[in-house]
Amino acid sequence: MEVIEEVRQLRAQLLRWNKEYYQNDEPSVPDSEYDRTLNRLRALEEQYPDVFDPSSPTQRVGAAPLSTFGSVEHRLPMLSLDNAFNEDDLHHFHRRVCDRLKRQTMAYCCEPKLDGIAVSIVWEQGRLQQAATRGDGRSGEDITQNVRTIDSVPLVLSGADYPDILEVRGEIFMPRAGFETLNARARSSGEKTFVNPRNAAAGSLRQLDSRITARRPLDFCAYGLGHRESKSTLPDEHSAVMMQLGRWGIPISTLSEVVLDAAGCEDYFARLSTKRDGLPFDIDGIVFKVDSRTDQTQLGFVSRAPRWAIARKFPAQEETTTVRSVEFQVGRTGAITPVARLDPVFVGGVTVSNATLHNADEIDRLRLKVGDTVIVRRAGDVIPQIVAVVADKRPADAQAIAFPSCCPACGSAVERDPGEAVWRCLAGLVCPAQRMASLRHFVSRKAMDVEGLGEKVIEQLVERDLVKDVADIYHLDASTLESLERMGPKSAANLLQAIDSSKSSTLARFIYALGIREVGEATARQLAAHFNTLDALACATEDRLLAVNDVGAVVADHIRYFFDQAANQRTIQRLIDLGVRWPAPQKVAEGAVLAGQTWVVTGKLDGMTRDEAESALRALGANVASSVSSKTTCLLAGAGAGSKRTKAESLGIAIIDEARFDKQRKTWETA
Ligand code: IVH
C-alpha cells in the first residue's frame, strides 16, 4: 500500500477509536491495539517527513511521561474577578462603571462562569505552542502536553489573519456526562471517585503522563485574550473578539449575549438560572463584562481584579451536613440500597435530607461513619450524593456502618452476583419489602395506573397478607377494603372502581408493570411495538430480543429469565384470567411517513410535552427510543438538551429543534 494511503487510514482509524472511547464510552479495541496503531503511525511519520500533518493524532499525545511540570511566566498577569452576591451589588457595579466613564448607559457581554480550571493557551503562527495553569496569576505550570490531548483545542488554527502570537485565556472543564461515566467506571473497578467535575478536570490536568489525560473527557472554552503580537487589529468589542476566536476554531460559549445596563444583566441572570440544571456542564455563576475594550482599558484594574467585570454567583451545588443514620432499603428486585439520613441542608436549590449511598462498596470507599460531616452534592435533577467525608470533623463517637448480612425486611439470605456491587435479598415475593415495592410499581401511574392506591393502603394490604402477588389486587372486594384503616365505604368504592378501570390497559404499560429488571417505560414500549403480542415477547429468543432498539445483552437476559420463571407465568395468566386486557397494538400503516425510522426526544419543549411529541412521532410511524445510538435516525432536541445531543453530534445523527419539527410535522401530517 502506498505510504500516504496507509497514513491516511491509520489517522482515520485512530480518530474513530478516540471518539468511541471519549465520547461514546464504547471502546471497540483493546488499549494494546490502539497503542500499536499509534506507534505504527508515529514510525511512518518519522520515516517520511513529507506526510507530517500538525493535526495528526500523534501530535495530541506525547510519548514519554514528564518527571515534573516546568514553570511559565505569564506575560500579562492572570487576574480573578470580584463577586456580586445580589442584585444590589450588581447595580453598584453598573453605577461605578457609568460614573467613571461619565456615561448614562453601558453594554455588557454576559457569559456563563464555567466551573473548571483557568488556563492560558498560546498559538504562534497558528500552531499551539504553550499552555499553562493560572498558578499565582504571575506564573503557572506548563501543561502544554496535557492540553494538546483535549480534542476541542485546535493544534492548528483555521482560517488566516490570526496574530503571529495569540494568547487566549479560558476554562478547561469536564462535562457532566463525561464526569458521570468516569466516576461510574471508577466505582465499578473499586477506584477512587472524583468529588465533582471541577476536581476531576484539575486531577486530569495534573497528570505527568499525558496518555492518562488523553483518556479523560475534558473540554475547553475561551473567555478572553492575553498577550498578542499582530500586524492587524482585532475588533473593539469583547463579544466580537470572541466570535473571531470562534472562526479560528477556538471553542467559545454559545450562551453569551450582549445586553444593556444592569437591567439587561439581571434579565440574563434570571434566564440562565432556569437553564442551569439542564446545561451539559457545571457553571457557578455569570460573568458580566463591559463589552467595549476601549472602555475596559480606561477602567483598568484594582489589585487583582478588573474594574470592568464582575461575577454574580449562583447558589452552591455542594454543602456540608451531618449523617444521622444509615438505613437499608429493599427494592422491587431485592437490591439492598443504603440511604443516608442527613441533617436537612439547602443545596442545588432544594432541601436535601436523604442521599443514596449506592451499595456496600460505596460506604467502604467513602470510609463513612454515622456522625460524620460530609459534602453533599446535588447538580440538576441528579439524586443527591455524598461525595466525601470531611475527615477532620469526625466526632469521637462516630459509629461504623455494618452492612446487613441478611435482608432487613424479611431476614432471608442476601447474596451478590460475581462482579456486581449490589447485594440482593433472594426471597423474591416472599419478602414483604419486595412485595410492597413491586405492588407500588405495578399500580403506579405509568404502569397499571390505579388511582388512590397509596403507600398506606399498600402497606396494610401486604402486611395483612391480603396481597401476596400483584394479581391479588383484582380479587379485593368492598368489605376487605373497608376493613383497612382510614378507609370508609366511599373511598373503598372509589378504589374498587379504579382497580377495575386499570384492567383495560395497553401492552406497553402491562410489560412495564411486570417490573422486569432494567425494563423501563421506554424499553417496554419498544418491546410492545416490536413483538405486538405478549406471547411473542414471552417466547422470544435472546437473538430476537437483541434486535429491539434499547435492548442489549443484559436486558435481553433479564427478559428471558423473567418469562422462564413458572411463578411469573402463573401471575401473568391469573392477571389475564381476572380481566386485564389491552387492544392489539395497531400496525403502523404501510408507507407511514416515518416508518422504519427511530427517533429520540430530549430537552424541554415549549409547545408540547415530551409525551405528546413522542405520541405524534409514533402516529407518524416512527419508533421512539430513550437513548441515542447508531440505530437512531433523528434527535428532536428541546431547550437544555445535554448528553443526548452531544452523543448525537458525535455520531453524526440528524438533530432538529422544536420549531423545525412543528413545521415538518404539518407537512408530514397532510402528506
Ligand atoms: S474573566 C480579567 N470569564 O473565574 C478577567 N472568567 O473568579 C478574568 N471563569 O479565574 C476572568 N468563566 O477561571 C472570566 N466567562 C468567564 C469565566 C471566568 C469562568 C473563571 C476564571 C477566573 C475565575 C475568576
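Look a little higher up for the structure.
Our subject in this report is the structure included herewith. Keep in mind it's a predicted model, so treat the numbers as computed, not measured. (Residues numbered from 1 in each chain as written. Predicted model: local features only at pLDDT ≥ 70, side-chain atom pairs only at ≥ 80, totals over all residues. Heavy atoms only, no water.)

**A few points about the overall build of the protein**
Consideration 1: Scanning the protein from N- to C-terminus turns up 24 helices and 26 strands.
Consideration 2: Relative to its length of 671 residues, the protein is compact, with a C-alpha radius of gyration of 29 Å against a globular reference of 26 Å.
Consideration 3: Considering the protein as a whole, with its 671 residues, one finds that 47% of them fall into the buried category.
Consideration 4: Pairs at least 24 residues apart make up 67% of the contacts formed inside the protein by residues separated by at least 6 positions.
Consideration 5: Of the roughly 33,100 Å² of accessible surface on the protein, a fraction of 50% belongs to carbon and sulfur atoms.
Consideration 6: Taking the 83 positively charged and 91 negatively charged side chains of the protein as two groups, their mean positions are separated by 1 Å. (Helix = DSSP H or I, 4+ residues; strand = E, 2+ residues; numbered from the N terminus. Rg over C-alpha atoms; globule rule 2.2 N^0.38 Å. Buried < 20%, exposed > 50% of the residue type's maximum accessible area, 1.4 Å probe, protein only. Contact = heavy atoms within 4.5 Å. Areas by Shrake-Rupley, 256 points an atom, 1.4 Å probe, with all protein chains shown as cover. Lys, Arg positive; Asp, Glu negative; His and termini not counted. Charge placed at Lys NZ, Arg CZ, Asp CG, Glu CD.)

**As for the sheet that holds strand 2 (residues 83-84)**
Hydrogen bonds between backbone atoms are what pair the strands of a sheet, whose relative direction is either parallel or antiparallel.
Consideration 1: Strand order in this open sheet of 5 strands is 2-13-10-3-9, and the pairing throughout is mixed. The open sheet terminates on both sides in strands that have one partner only, identified here as strand 2 and strand 9 (257-260).
Consideration 2: Pairing between strand 3 (residues 107-114) and strand 9: 4 bridges, direction antiparallel. Among the inter-strand pairings, Y108 is bridged to a residue of strand 9, identified as V259.
Consideration 3: Seen against the sheet, helix 3 (residues 87-101) touches strand 2, strand 3, strand 10 (283-290) and strand 13 (309-313) and runs at an angle of roughly 175 degrees to strand 13.
Consideration 4: Packing of helix 8 (residues 238-247) onto the sheet brings it into contact with strand 3, strand 9 and strand 10, and relative to strand 3 it is tilted by some 50 degrees. (Pairing = 2+ DSSP bridges. Axes fitted to C-alpha atoms, helices over the stretch in contact; angles between N-to-C directions.)

**Quick notes on the packing of aromatic side chains**
Consideration 1: Enumeration over the complete set of coordinates arrives at 12 aromatic pairs.
Consideration 2: Considering the side-chain rings of Y162 and W248, the 6.4 Å spacing of their centres and the 80 degrees angle between planes classify their relative orientation as edge-to-face. With Y162 in the loop between helix 4 (144-147) and strand 7 (165-173) and W248 in the loop between helix 8 and strand 9, the pair connects residues that are 86 residues apart, well separated along the chain.
Consideration 3: We classify Y162 as partly exposed; its relative accessible area is 23%. (Phe/Tyr/Trp six-rings, centres within 6.5 Å; stacked < 30°, edge-to-face > 60°.)

**Notes on the site of the ligand**
Consideration 1: Around the ligand, a shell composed of 13 residues is seen, among which E111, A118, E171, Y223 and K289 lie nearest.
Consideration 2: Contact distances for the ligand include 3.4 Å between a nitrogen atom and a backbone N or O atom of P112.
Consideration 3: A distance of 3.2 Å separates an oxygen atom of the ligand from a polar side-chain atom of Y223.
Consideration 4: Protein contact buries 86% of the 520 Å² of open area that the ligand shows by itself.
Consideration 5: Contributions of two or more residues to the shell around the ligand are made by strand 3 and strand 10.
Consideration 6: Across the shell around the ligand, the residue classes break down as 9 nonpolar, no polar and 4 charged. (Near = heavy atom within 4 Å. Polar contact = N/O pair within 3.5 Å; in protein donor to acceptor, adjacent residues only side chain to side chain. Nonpolar A, V, L, I, M, F, W, Y, C, P; charged D, E, K, R; others polar.)

**Concerning the sheet that holds strand 8 (residues 219-229)**
Consideration 1: Pairing within the open sheet is antiparallel, and its 4 strands lie in the order 5-4-7-8. The open sheet terminates on both sides in strands that have one partner only, identified here as strand 5 (127-133) and strand 8. Adjacent strand axes in the sheet meet at a mean angle of 25 degrees when their direction is disregarded.
Consideration 2: With 6 bridges joining them, strand 4 (residues 117-124) and strand 5 adopt antiparallel strand pairing. Following the sheet pairing, E124 is matched in strand 5 by R127.
Consideration 3: Contacting strand 4 and strand 7, helix 6 (residues 197-205) crosses the sheet at an angle of about 45 degrees to strand 4.

**Quick notes on the nonpolar core**
Consideration 1: Counting 52 residues, the largest nonpolar core has I473 and L527 as its most contacted members.
Consideration 2: Where this core is concerned, the elements lending two or more residues are helix 12 (432-443), helix 13 (455-463), helix 15 (489-502), helix 16 (507-513), helix 17 (521-531), helix 18 (534-538), helix 20 (553-564) and helix 21 (566-577).
Consideration 3: Examining the composition of this core, we find that 6 residues originate from one element, helix 16, more than from any other.
Consideration 4: Discounting chain neighbours no more than four positions away, the residues touching I473 are L439, F442, V443, V450, V467 and I499.
Consideration 5: L166, F179, L245 and I250 belong to the second-largest nonpolar core, a separate cluster that totals 32 residues. (Core = buried A, V, L, I, M, F, W, Y, C linked by side-chain atoms within 4.5 Å.)

**Quick notes on unusual backbone geometry**
With the exception of glycine, most residues fall at negative phi, and the peptide bonds are largely trans.
Consideration 1: In this model, H358 sits at a positive phi of 65 degrees, which is unusual for a non-glycine residue.
Consideration 2: Looking at the secondary structure, you find H358 in the loop between strand 16 (350-356) and helix 11 (360-366).
Consideration 3: On the accessibility criterion, H358 (25% relative accessible area) is partly exposed.
Consideration 4: Even without a glycine there, the phi angle at R486 is positive, about 55 degrees.
Consideration 5: Mapped onto the elements of the fold, R486 is located in the loop between helix 14 (478-482) and helix 15.

**A look at the pattern of salt bridges**
Consideration 1: For the structure shown, the criterion picks out 36 salt bridges.
Consideration 2: When the shortest N-O distance is used, the salt bridge between K113 and D284 registers 3.7 Å. Here the residue K113 occupies a position in strand 3, and D284 occupies one in strand 10, the gap between them amounting to 171 residues.
Consideration 3: The class for K113 is partly exposed, based on a relative accessible area of 22%.
Consideration 4: Residues D469 and R574 are paired through a salt bridge, measuring 3.5 Å at the closest nitrogen-oxygen approach. Of the two residues, D469 is situated in the loop between helix 13 and helix 14 and R574 in helix 21; the sequence distance between them amounts to 105 residues. (Salt bridge = Lys/Arg side-chain N within 4 Å of Asp/Glu carboxyl O.)

**Focus: helix 6**
Helical geometry note: an α-helix holds 3.6 residues per turn, so side chains three or four residues apart project in the same direction.
Consideration 1: Within helix 6, 7 of the 9 residues are buried, which leaves the element mostly enclosed by the surrounding structure.
Consideration 2: Turning to helix 6, its buried residues are P197, A200, A201, A202, G203, S204 and L205.

**A few points about the pairing of strand 19 (residues 385-389)**
Consideration 1: Strand 19 sits mainly inside the fold: 5 of its 5 residues count as buried.
Consideration 2: Of the pairings in the sheet, the one linking strand 18 (residues 373-377) to strand 19 comprises 4 bridges and is antiparallel in character. The residue of strand 19 that forms the bridge with I375 is A388.

**What to know about the environment of R211**
Consideration 1: When you line up the elements, R211 lands in helix 7 (residues 210-214).
Consideration 2: Accessibility expressed as a relative area gives 41% for R211, which makes it partly exposed.
Consideration 3: A C-alpha to C-alpha distance of 8.1 Å links R211 and P65, two positions 146 residues apart in sequence.

**Side note on the state of the cysteines**
Consideration 1: Per the stated rule, a full pass over the model turns up 0 disulfides.
Consideration 2: Looking at C406, it has no disulfide partner, and the nearest cysteine sulfur is the one in C407, 7.5 Å off.
Consideration 3: By relative accessible area, which is 35% here, C406 ends up partly exposed.
Consideration 4: The thiol sulfur of C431 is not disulfide-bonded, and the nearest other cysteine sulfur, from C410, lies at 3.8 Å. (Disulfide = S-S within 2.5 Å.)

**What to know about the packing of helix 20 against helix 21**
Consideration 1: Interaxial distance between helix 20 and helix 21 falls to 5 Å at its minimum, and their mutual angle equals 75 degrees. When the interaxial angle is binned, helix 20 and helix 21 end up roughly perpendicular. Of helix 21, the residues touching helix 20 (which contributes F562, F563 and D564) are A566, N568, Q569 and I572. (Parallel < 35°, antiparallel > 145°, perpendicular 65-115°, else oblique.)

**Examining the side chain of E6**
Consideration 1: Tracing the chain through its elements places E6 in helix 1 (residues 3-24).
Consideration 2: For E6, a relative accessible area of 18% translates into the label buried.
Consideration 3: Of the polar contacts made by the side chain of E6, one reaches the side chain of R40; its length is 2.8 Å.

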